[in-house]
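Topology and contacts: notes
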Amino acid sequence: MKNHLHVHRWVLLALLPAAITAAAAAQTPGTGAGSDRMLITTSSPEARALFEQGIVAWENLHIPQALQCWQDAIKKDPNFLLAHLYISERIPDPDQQAAERKKALALMDSVTPDERLMAEWILDESRDDTIGTLAAMNELLVRYPRDKHLYWFAALTMGANYHQWERAAELAEQAVRVDPDFAGALNNLGYDYAFQGKFDQAFPVMRHYIEVLPTEPNPQDSYAEILRMAGRFDEAVEHYHASLKLEPNFGESLLGLADTYALMGREDDARAQYEVAIQHAYTRAYAVQWKLKWAATYLREKRFSDADAAFQSAAKMAHESSVGGLEAEAYRTMALYQTDEAAAARWLQKAKESLDHPHDTSQTARQQQLALIYRTSIYRAVQRGRMLEAEKTLEQLSKIASASHNPGIDVAFHASAGTVLMAKRKWLEAIPHLEEDANDPYSMELLVNAYQKAGLPAKAERTAKELAALNAPSVEQALVVPEFRAKRNQKQPVNSASSAADK
Amino acid sequence: MKTFRLIIFGIIFVCVAECMCAAKQMAVIVHKSNGAQDVTTAELSKIFKCDTRKWASGSAITIVLRDPATPEMELLLSRIYKTNPEDLRNFIAQHHDNVVIVDSNEAMLNAIHTIPGAIGLIDVFRIDHEVKVLKIDGKLPVEYGYILRGN
């Protein structure tokens, strides 16, 4: 694979005469802006080689190996800023993240201006300083238009962190232009197209990804997933099996197969498959997350008592695994579908209490989860016509959103504000809020209604079609989409005529 | 989907991330040496409508725009100019000494880098280090309630 060529180039540096100064070693290879790669400052050629190996491992999604390489690099050169930075970016433990960021900050004066930009990109993002992140990232991209690794990382940042799929695709396309067989970028690009609904572009990219890495399971897994997103379930199952043939314990494909069965309505098969996946989860947190999906299969069957028991068992597992955010998520989900108001209030209270237990959840994740709990409270209050309560909770959520630039919290606020405004029949005011959450099933259903009431039938029909075609294996999809499809099949499509104002 | 599941460590939000598309967020940008930091919607409106022609420092304001029919102009049209593309074209023709039209994001950034006193508009995800993003009514493009944010 082409990515490894860089590793070989770095290894050659180890053969440079020992007399070379540390500073000179730090300036090779590349000459900064105008060359293909950014300069990397380290006193140890071995550390540099390990760092590059880590990047290749990361791009191919071997995260533990990547972390190991970067940690080994730091053993060779404790003052290796980029290695500290990359560890801080990928390590899951919040305390370790903070420690690595602190080390990186302390080393800022010892590196090149471009490395400082890289540090700003990563550190500003960790501080929710989006403007700083974007300015630093774009500046570096302009300076190194042929650094495929930078473009890959930028595409990942734009997609995974900001959900800017169009921009992410543009960046991944540049990485693929530099290296048409760059596996990591092909994987990203396939998803970036799929998230925009551009399946005709996504499928060939994923097929090429399979050609580039024919013996690895992830390309088959990724292709299966975008087939599922497009509603091509049988083909998705086929490719998940192809992935598992290559690596029988590949957790993502074990899970993907279960998700696909769930969306197909094969809930018994889905539960059995989730149980297998849970056995092969990478961490306890993933196991809990997948247990929640297992519990959600009962919702798809409308077996609500069984769902209660299943979600409580997932909450218990989360508690025992010290994953408070997921424990809260289990209780919050239970509140979402309860018909009994007292029961819903009880589960929401338990969700809040879970966040106060001592556990491994970071402060940001707690705030995000709290925002979701408020969102659910508001949704239920509006459903029951308790507008005063809904508005009071919205105020609390608004305070959290004002104090944060976190996209998850922001979206929870907008979805809730839109829900309240819809209840007040303020359609035009509700629309911009709901559009901020335009692919969540609850917000989409409200948007269909808002567009209809506001005299925008073409937008209503387009959103209705998107909602009916949504194949995300989430609780929200399970609670909204099947019923929406059934209702839609019973009646004529929402007025398909477009008005002049409907643009 | 190994990419996003493994890479996003905020585990709870994976499902949201799978299907979430963010709204467009247009940044109002000036040269980084410009002393302005924060403007009100009313002040911004006066600037873009050529009612205010100088910065507080006394330097002349040059407005840099994309073609009024481009997607990048939609929010500015509806929320600041409150007009349609055709009327904005007429307005630009009447104020050609104060307004520059560019045809790409790169050209927009280049104009802000090089024209003293320039003010323009770009998708916030394309800003660089050489421009300053102005707050509007105390808010940045990434903050809820920011006026040039929406679909």
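Structure: see above.
The paragraphs below set out a description of the structure included in this document. In this numbering scheme, every chain counts its residues from 1 along its sequence in written order. Chain A is the first chain written and ligand 1 is the first ligand written, with later ones labelled in order. At least 70 in pLDDT is required for a residue's local features to be given in this predicted model, at least 80 for side-chain atom pairs to be given and counted, and no such filter applies to totals for whole chains, interfaces and linings, which use all residues. Hydrogens and water are ignored here; the side-chain numbers use all heavy atoms of the structure.

1. Overview of the overall build of chain A
Here a strand is any run of E in DSSP of at least two residues, a helix any run of H or I of at least four, and the numbering for each starts at the N terminus. The secondary structure content of chain A amounts to 27 helices and 0 strands. Restricting the contact set of chain A to residue pairs at least 6 apart, pairs at least 24 apart contribute 55%. Computed with the Shrake-Rupley method and a 1.4 Å probe, the accessible areas treat only the protein chains shown as cover for residues. As displayed, chain A has an accessible area near 20400 Å², and 52% of this comes from carbon and sulfur atoms. Note on contacts: a residue pair qualifies if any of its non-hydrogen atoms lie within 4.5 Å across the two residues.

2. Regarding the packing of aromatic side chains
Residue and element names in this part refer to chain A. Classification of ring pairs uses Phe, Tyr and Trp, with its six-membered ring standing for Trp, and accepts pairs whose centres are within 6.5 Å; under 30 degrees between planes counts as stacked, over 60 as edge-to-face, and the remaining range as tilted. Using the criterion set out here, one finds 25 aromatic pairs over all chains in the structure. An angle of 90° between the planes, with centres 4.8 Å apart, marks the rings of Trp58 and Trp152 as edge-to-face. With Trp58 in helix H3 (residues 45-59) and Trp152 in helix H9 (residues 148-161), the pair connects residues that are 94 residues apart, well separated along the chain. For the pair shown, Trp58 and Trp152 are each scored as buried. Ring geometry for Tyr191 against Phe195: centres 6.2 Å apart, planes inclined by 25°, an arrangement best described as stacked. Of this pair, Tyr191 and Phe195 both sit in helix H11 (residues 183-195), 4 residues apart, which is roughly one turn of that helix. Comparing Tyr191 with Phe195 shows no difference in burial state: the two are buried. These aromatic residues form a ring-pair network of at least three members: Phe51, Trp58, Trp70, Phe80, Tyr86, Trp121, Trp152 and Phe153. Only lysine NZ and arginine CZ atoms are considered, and such an atom sits over a ring when it is within 6 Å of the ring centre and within 35 degrees of the ring normal. Lys148 extends its terminal NZ or CZ atom over the ring of Phe182, reaching a point 4.8 Å from the ring centre. Positioned above the aromatic ring of Trp294 is the side chain of Lys291, whose terminal nitrogen or guanidinium carbon lies 4.1 Å from the ring centre. Classification of residues uses two cut-offs on accessible area relative to the type maximum, computed with a 1.4 Å probe and protein chains only: under 20% is buried, over 50% is exposed, and between them is partly exposed.

3. Remarks on the pairing of strand S5 (residues 118-123) of chain B
All names here are of chain B. In terms of burial, S5 is a largely internal element, 6 of the 6 residues being buried. At least two DSSP bridges between two strands are needed for those strands to be called paired. Pairing of strand S1 (residues 24-31) with S5, which is carried by 5 bridges, proceeds in the antiparallel orientation. Among the inter-strand pairings, Val28 is bridged to a residue of S5, identified as Leu121. Bridge count for strand S3 (residues 62-65) against S5 is 2 bridges, and the pairing is parallel.

4. Remarks on the side chain of Asp147 of chain A
All names here are of chain A. Note that Asp147 resides in the loop between helix H8 (130-143) and H9. Looking at Asp147, the relative accessible area reads 2%, which means it is buried. At 3.1 Å, the side chain of Asp147 forms a polar contact with the backbone nitrogen of His149. Every residue in contact with Asp147, bar those within four places of it in the chain, is listed here: Asp36, Arg37 and Met38. Polar contact is the term for a pair of N or O atoms within 3.5 Å; when the atoms are in protein, one must be able to donate a hydrogen and the other to accept it, and sequence-neighboring residues count only if both atoms are side-chain atoms.

5. Some points on the pattern of salt bridges
All names here are of chain A. A pair is scored as a salt bridge if a Lys or Arg side-chain nitrogen falls within 4 Å of a carboxyl oxygen belonging to Asp or Glu. Within the structure shown, the criterion is met by 38 salt bridges over all chains. Notably, a salt bridge pairs Lys302 with Glu483, separated by 4.0 Å at the nearest N-O pair. Note that Lys302 is positioned in the loop between helix H17 (284-300) and helix H18 (304-320) and Glu483 in helix H27 (residues 475-490), a separation of 181 residues in sequence. Look at the salt bridges and you will find they share partners, linking Asp268, Arg271, Glu301, Arg303 and Asp306 into a network.

Don't take any of this as a statement about function, it's just geometry.
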